[in-house]
Amino acid sequence: MLTAAAVNDQPVSRTEAEVLFEINEAATERTDGGRFDDLLAKAVAHYAASASGLKVPPRSVALSAESDIESWAPSYASKVNSEMLEWIAGQMRGKRQNNRRLMAMVATFLGATALPLAGQLPNVFDIGM
């Protein structure tokens, strides 16, 4: 469980984020009102920020349905390293299931980091969203 007390103070791991990407791809028929999309975006932001050496809030705060990602992630945008952005782009590339929440978060990160992945954007984002 992503928010179990035993892991609350640990950042989301790369493995956990990758599993969430796999679930996102496999569960194309879900009807959760966007709750999984929100969880995926928050978990990826939590992982990317922590892997970039930034302090992140506890999982119980960061991944909560009541917590807006904007309340903690935007301050990290300019500090997320390009390797994390490339990893996120790689996870999103060629997927059937587009996560608009995650794409918006990545666009925010990209805008703040001098667009190191500008050449890859057409492969990541569906322009016809």
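Keep in mind the model is a prediction, meaning the values are calculated, not measured.

Colleague: Quick rundown of the nonpolar core? Include the residues and the values.
Modeller: In terms of nonpolar packing, the biggest core is built from 29 residues, with Phe 21, Leu 40, Val 44, Trp 87 and Leu 102 touching the most fellow members. Those elements giving two or more residues to this core turn out to be helix H1 (14-26), helix H2 (35-51), helix H4 (82-92) and helix H5 (100-111). The element contributing the most residues to this core is H2, with 9 residues. The residues contacting Trp 87, other than those within four sequence positions of it, are Arg 14, Ala 17, Glu 18, Phe 21, Val 44 and Tyr 47.

Colleague: How would you sum up the packing of H1 against H2? Please name residues and give values.
Modeller: How two helices sit against one another is set out by the angle between their axes and by the gap between those axes. Following both chains from N to C, one finds H1 and H2 inclined at 155°, their axes separated by 9 Å at the closest point. Taken as axis vectors, H1 and H2 run roughly antiparallel relative to one another. The hand of the H1/H2 crossing is left-handed. Taken together, the residues of H2 that come into contact with H1 (itself represented by Arg 14, Ala 17, Leu 20, Phe 21, Ile 23 and Asn 24) are Phe 36, Asp 37, Leu 40, Ala 43, Val 44 and Tyr 47. Class assignment for the residues of the contact of H1 with H2 results in 9 nonpolar, 1 polar and 2 charged.

Reading guide: rules and limits
- Residues numbered from 1 in each chain as written.
- Predicted model: local features only at pLDDT ≥ 70, side-chain atom pairs only at ≥ 80, totals over all residues.
- Heavy atoms only, no water.
- Core = buried A, V, L, I, M, F, W, Y, C linked by side-chain atoms within 4.5 Å.
- Buried < 20%, exposed > 50% of the residue type's maximum accessible area, 1.4 Å probe, protein only.
- Helix = DSSP H or I, 4+ residues; strand = E, 2+ residues; numbered from the N terminus.
- Contact = heavy atoms within 4.5 Å.
- Axes fitted to C-alpha atoms, helices over the stretch in contact; angles between N-to-C directions.
- Parallel < 35°, antiparallel > 145°, perpendicular 65-115°, else oblique.
- Left-handed = near helix turned anticlockwise from the far one by under 90°.
- Nonpolar A, V, L, I, M, F, W, Y, C, P; charged D, E, K, R; others polar.

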